[in-house]
Amino acid sequence: MEGECRASRARSWGLPAGGAGGDSPAGDAPLPGSISSSALLQAEVLDLDEDEDDLEVFSKDASLMDMNSFSPLMPTSPLSMINQVKFEDESDLKDLFITVDEPESHVTTIETFITYRIITKTSRGEFDSSEFEVRRRYQDFLWLKEKLEEAHPTLIIPEFSSHKKQGPGLLSRMGQSVRAVALSMRGVKSRPEEFMEMNNFIEIFSQKINLIDKISQRIYKEEREYLDEMKEYGPIHILWSASEEDLADNLKSVASCIDKCCKATEKRMSGFSEALLPVVHEYVLYSEILMAVMKRRDQIQAELDSKVEALTSKKADTDLLTEEIGKLEDKVECANNALKADWERWKQNMQNDIKSAFTNMAEENILYYEQCLATWESFLTSQTDLHLEEASEDKL
């Protein structure tokens, strides 16, 4: 327990020595964009081929409790070490780059599923090569996430539950629900003040980020409708110019201005949909996982409180309870330390990501309005010059 606790304190959050494996059910869901966000998730990786011959390296029975970077108990082949990735911000660990991309659909007589390409590049001497490439299924990522949550319940692990098509079995879900309800009924008697503040922050953040997400989606929808309508005006002015010989040049110039504004609007909306909307929605998902993390922390605390209460009332074997309480105290301390360390990392990343997304969007909006303004000012200037020239000719 002490080793696990020390390792949890030493890192923000990370992959254990092992990976994902096992059979994946049909109908794998798409892997969401949030999984590959460079600011929030520095790397995602697991190494497990579709056939069962590769399972000896990443067995589901592999221990997830040792959080050391390279455990001496694990094989040091590149296949196993690919997955031993730390997610930290220290500069000396920025020599490991992992990307997840190129989703590919597979159709067989039995099932249809999607795989993703995972590329790992590194300059670390522990690897036999500097680059590796594999393809993995959505369920492999899901399995890994579930195992990480089981082993490290208070680490903030990227959330993509809304994309899951299949989760734990019915009995497993029922067992988890019964335990959660039982612990919540007991309540947490001595939640530290810092976690009270953390919980309040999460509740307020969840409300605000969900509201921002809804507003952003509505703005994008309305601007898309505006763009579709504006695209119709250019051709209309061109047709109009054909029937108005005296105004033909002016009408064509207006159509040209509209076309330039449409292109500028499309570019701005592309940035809006690619840079702002994914970041906001990703933090909507993060607000859900933060609530789940706090709930798991409280469940550990409630379990300890119940044991202490039982010992006080001497309802069971005191020696056994004393031993269990000692273990639970270590577990609570480890969970609290892991959450506090991960919380600070997450908050800093969140503030940087949201600030960057909205700052970039503001700059894009300024550029957009400057381009549109310059387009119409140029048109008006040309019209003014034309009228002055015509007036000068009339005087002569």
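The protein chain is annotated in an unreviewed UniProt entry as PX domain-containing protein of Moschus moschiferus. Its UniProt record, at the heading Subunit (unreviewed entry), says of the protein chain: "Heterodimer; heterodimerizes with SNX4." According to the UniProt record, the Subcellular location (unreviewed entry) comment for the protein chain is "Early endosome membrane".

Sorry if this is basic, but what is going on with helix α3 (residues 138–151) here?
Its 14 residues give α3 an end-to-end C-alpha distance of 20 Å, which sits within 8% of 20 Å, the value for a rise of 1.5 Å per residue. Buried residues dominate α3, accounting for 11 of its 14 residues.

Would you mind showing me how to read the sheet that holds strand β3 (residues 96–107) here?
For sheets, the rule is that strands pair by backbone hydrogen bonds, running either parallel or antiparallel. With antiparallel pairing, the three strands of this open sheet are ordered in space as β3-β4-β5. The open sheet has two edge strands, β3 and β5 (131–137), and neither has a second partner. Looking at each pair of strands side by side, their axes are set apart by 20° on average, direction ignored. As defined by bridge partners, β3 adjoins strand β4 (residues 112–122) across 10 bridges and the pair is classed as antiparallel.

Would you mind going over the state of the cysteines with me for this structure?
Two cysteines whose sulfur atoms are joined by a covalent bond form what is called a disulfide. The full count for this structure, using the stated rule, is zero disulfides. Lacking any disulfide linkage, C372 is separated from the closest cysteine sulfur, that of C261, by 3.8 Å. By relative accessible area, which is 11% here, C372 ends up buried.

Before we go on, may I ask you to explain the confidence of the model for the protein chain in this structure?
Any region with low pLDDT has predicted coordinates that should not be read closely. The predicted model of the protein chain averages 74 in pLDDT, with 67% of residues at 70 or higher. Helix α5 (residues 193–243) holds the highest mean pLDDT among the elements of the protein chain, 94, whereas helix α2 (residues 78–81) holds the lowest, 31. A low-confidence stretch, residues 29–91 stays under pLDDT 50, and its non-local contacts, those more than four residues away or across chains, total 166 contacts. Taken together, the stretch residues 162–170 has pLDDT below 50 and engages in 16 contacts with residues farther than four places along the chain or on a different chain.

Would you mind going over the side chain of D213 with me for this structure?
Its place among the elements puts D213 in helix α5. Within the buried set, D213 has no salt-bridge partner at all; the shortest N-O distance to an opposite charge, 8.0 Å, is to K214. There is a polar contact of 3.5 Å between the side chain of D213 and the side chain of H281. Excluding anything up to four places from it in sequence, D213 contacts V280, H281 and V284.

Could you clarify how one ought to interpret the packing of α5 against helix α6 (residues 248–313) in this entry?
The angle between the axes and the distance between the axes are what describe a pair of packed helices. In the contact formed by α5 and α6, the axes pass within 7 Å of each other and the chain directions differ by 160°. Our classification of the angle between α5 and α6 gives roughly antiparallel. The element α5 and its partner α6 pack so that their crossing is left-handed. Among the residues forming the contact of α5 with α6, the class breakdown is 29 nonpolar, 12 polar and eight charged.

Please explain the nonpolar core as it appears in this structure.
Taken as a class, soluble globular proteins show a tendency for nonpolar side chains to be buried jointly. One finds M198, Y283 and W346 to be the most contacted residues of the largest nonpolar core, which totals 24 residues. Mapped by element, the contributors of at least two residues to this core are α5, α6 and α7 (318–395). Among the elements that make up this core, the one with the highest residue count is α6 (12 residues).

How do you make sense of the environment of H152 when you look at a structure like this?
By secondary structure assignment, the location of H152 is in the loop between α3 and α4 (170–186). Look at H152 and you get buried, because its relative accessible area is 4%. A sequence separation of 186 residues divides H152 from A338, and the C-alpha atoms of the two residues are 8.3 Å apart.

What's the story with the pairing of β4 in this structure? I'm lost.
The side chains of a regular strand alternate between the sheet's two faces. For β4, the tally of buried residues reaches nine of 11 residues, placing the bulk of the element in the interior. Here β4 runs beside β5; their pairing, made up of seven bridges, is antiparallel. Residue pairing across strands places K121 opposite E131, the latter belonging to β5.

Cut-offs and rules
Residues numbered from 1 in each chain as written. Predicted model: local features only at pLDDT ≥ 70, side-chain atom pairs only at ≥ 80, totals over all residues. Heavy atoms only, no water. UniProt positions renumbered as here; feature names shortened; annotations may be inferred. Helix = DSSP H or I, 4+ residues; strand = E, 2+ residues; numbered from the N terminus. Expected span 1.5 Å × (residues − 1). Buried < 20%, exposed > 50% of the residue type's maximum accessible area, 1.4 Å probe, protein only. Pairing = 2+ DSSP bridges. Axes fitted to C-alpha atoms, helices over the stretch in contact; angles between N-to-C directions. Disulfide = S-S within 2.5 Å. pLDDT = per-residue confidence, 0-100. Contact = heavy atoms within 4.5 Å. Lys, Arg positive; Asp, Glu negative; His and termini not counted. Salt bridge = Lys/Arg side-chain N within 4 Å of Asp/Glu carboxyl O. Polar contact = N/O pair within 3.5 Å; in protein donor to acceptor, adjacent residues only side chain to side chain. Parallel < 35°, antiparallel > 145°, perpendicular 65-115°, else oblique. Left-handed = near helix turned anticlockwise from the far one by under 90°. Nonpolar A, V, L, I, M, F, W, Y, C, P; charged D, E, K, R; others polar. Core = buried A, V, L, I, M, F, W, Y, C linked by side-chain atoms within 4.5 Å.

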